[in-house]
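# Coordinate inspection notes
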Amino acid sequence: MATRYIELTVIAAENLQSNRKPLKKNSFVTVRTDATVTTSKSYRTAETDSEGGGPRWNEKLVIEVPTQARNLIMEVQCQNGARTIGAATIPLTDFIGGWVPESYMHFLSYRLRDERGVRNGIMNISVRMKVDEGATSTYSRKLSSGCAKTSSQTRLGYPAVDNSGVVTGVPVNWNSYSRVQY
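Heads up: these notes are all about the structure in this document. Since the model is a prediction, treat every value here as computed from it, not as a measurement.

Procedures and definitions
Each chain carries its own residue numbering, running from 1 in the direction its sequence is written. pLDDT decides what is reported in this predicted model: residues at 70 or higher carry local features, side-chain atom pairs at 80 or more are listed and counted, and totals for whole chains, interfaces and linings draw on all residues regardless. The side-chain values count all of the structure's non-hydrogen atoms but skip hydrogen atoms and water molecules. By definition, a salt bridge exists where a carboxyl oxygen of Asp or Glu is found within 4 Å of a side-chain nitrogen of Lys or Arg. Accessible area is worked out with a 1.4 Å probe on protein chains only. A residue is then buried under 20% of its type maximum, exposed over 50%, and partly exposed in between. In this analysis a 1.4 Å probe is tested at points of a 1 Å grid over the protein atoms alone, and where it fits but cannot get out there is a cavity; an open set with protein on both sides within 12 Å along at least five of seven lines is a pocket; lining residues have an atom within 4 Å of a point. Grid points are joined across faces, edges and corners, and a volume is the space filled by probe spheres set on the points. Helix and strand assignments come from DSSP, with helices taken as H or I runs of at least 4 residues and strands as E runs of at least 2, each series counted from the N terminus. Three categories are distinguished: nonpolar for Ala, Val, Leu, Ile, Met, Phe, Trp, Tyr, Cys and Pro, charged for Asp, Glu, Lys and Arg, and polar for the others, with Gly belonging to the last. Take the buried Ala, Val, Leu, Ile, Met, Phe, Trp, Tyr and Cys residues and link them wherever side-chain atoms come within 4.5 Å; each set so joined is a nonpolar core. In what follows, residue pairs with any heavy atoms lying within 4.5 Å of each other are defined as contacts. Under this definition, polar contacts are N or O atom pairs within 3.5 Å; protein pairs additionally need one hydrogen-donor-capable and one acceptor-capable atom, and for neighbouring residues in sequence, both atoms have to be side-chain atoms.

## Digging into the pattern of salt bridges
Scanning all chains against the criterion turns up 7 salt bridges. In this structure, Arg 44 and Glu 47 form a salt bridge, with 3.6 Å as the shortest nitrogen-oxygen distance. Residue classification places Glu 47 among the partly exposed positions, given a relative accessible area of 32%. As a salt-bridge pair, Asp 114 and Arg 116 come within 3.1 Å of each other at their nearest N and O atoms.

Here is the structure:
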């Protein structure tokens, strides 16, 4: 069974509350996949000790992601794991696949919800796929197959940087088109 690895940096949380009081310390983050229990591992950051602002971890975790996993589950816990303060389910499709290189660093923020489903803060993370040096990424396979168009291949009347891999979109106001009446 093939596995993938991601580097997930848990940066910080904002507006976390415990019993309607701001949560500032004695909290940690656990991360796991939604795969079956036998193939899923749980990863944990260290507890925060800092005063002021929200909790900050700035801790990098290298996570093994089984092929059958579809989501990452992040939970902010306190009091030695006795209480879950907030949790978020993160779809792997937010940073795996698509039209960006697999080693691209994504900076993402997710809304946390408490055990009752009520909003409770925001989690800031960065994620990057770990890619072997000699491996061909799916991004380069898509480009070489001719399926992807880069800005240097598209003529829009804007100056394009040579083969930068950036797609330029032109906003269109759909209300300006006349409507067909039947």
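## Some remarks on the layout of surface pockets
Its volume calculated, the largest pocket comes out at about 310 Å³. Of all the elements in the fold, those that place two or more residues in the lining of the largest pocket are strand 2 (17-18), strand 8 (83-91) and strand 10 (119-130). A class-by-class count of the residues in the lining of the largest pocket yields 2 nonpolar, 5 polar and 6 charged. Reported here for the second largest pocket is a volume of approximately 200 Å³. Lining the second largest pocket are Ala 2, Thr 3, Arg 4, Tyr 5, Thr 67, Glu 102, Met 129, Lys 130, Val 131 and Asp 132. Among the elements that line the lining of the second largest pocket, the one with the most residues is strand 1 (residues 3-14), at 3 residues. Each residue belonging to the lining of the second largest pocket can be placed in one class, and the counts come to 4 nonpolar, 2 polar and 4 charged.

## So, the nonpolar core
Within the largest apolar cluster, 32 residues are counted, with the highest numbers of intra-cluster contacts made by Leu 8, Phe 95, Met 123 and Ile 125. Contributing elements (two or more residues each) for this core: strand 1, strand 4 (27-33), strand 6 (56-66), strand 7 (71-78), strand 8, strand 9 (106-113) and strand 10. Sequence-distant contacts of Leu 8, defined by excluding residues within four places in its chain, comprise Val 31, Glu 59, Lys 60, Leu 61, Ile 63, Leu 72, Ile 125, Ser 126 and Val 127.

## A closer look at the environment of Glu 59
Along the polypeptide, Glu 59 turns up in strand 6. Spatially, the C-alpha atoms of Glu 59 and Val 29 are 9.9 Å apart, while their sequence positions differ by 30 residues. The contact partners of Glu 59, leaving out residues within four places of it in the chain, are Leu 8, Thr 9, Val 10, Arg 44, Thr 45 and Ala 46. A distance of 2.9 Å separates a polar atom in the side chain of Glu 59 from the backbone nitrogen of Ala 46.

## Observations concerning the environment of Asn 26
With respect to the helices, strands and loops of the structure, Asn 26 is situated in the loop between strand 3 (21-22) and strand 4. Separated by 21 residues in sequence, Asn 26 and Glu 47 place their C-alpha atoms 5.5 Å apart. Sequence-distant contacts of Asn 26, defined by excluding residues within four places in its chain, comprise Glu 47, Thr 48, Asp 49, Gln 77, Cys 78 and Gln 79.

In short, the description is geometric, and any link to function would need to be established separately.
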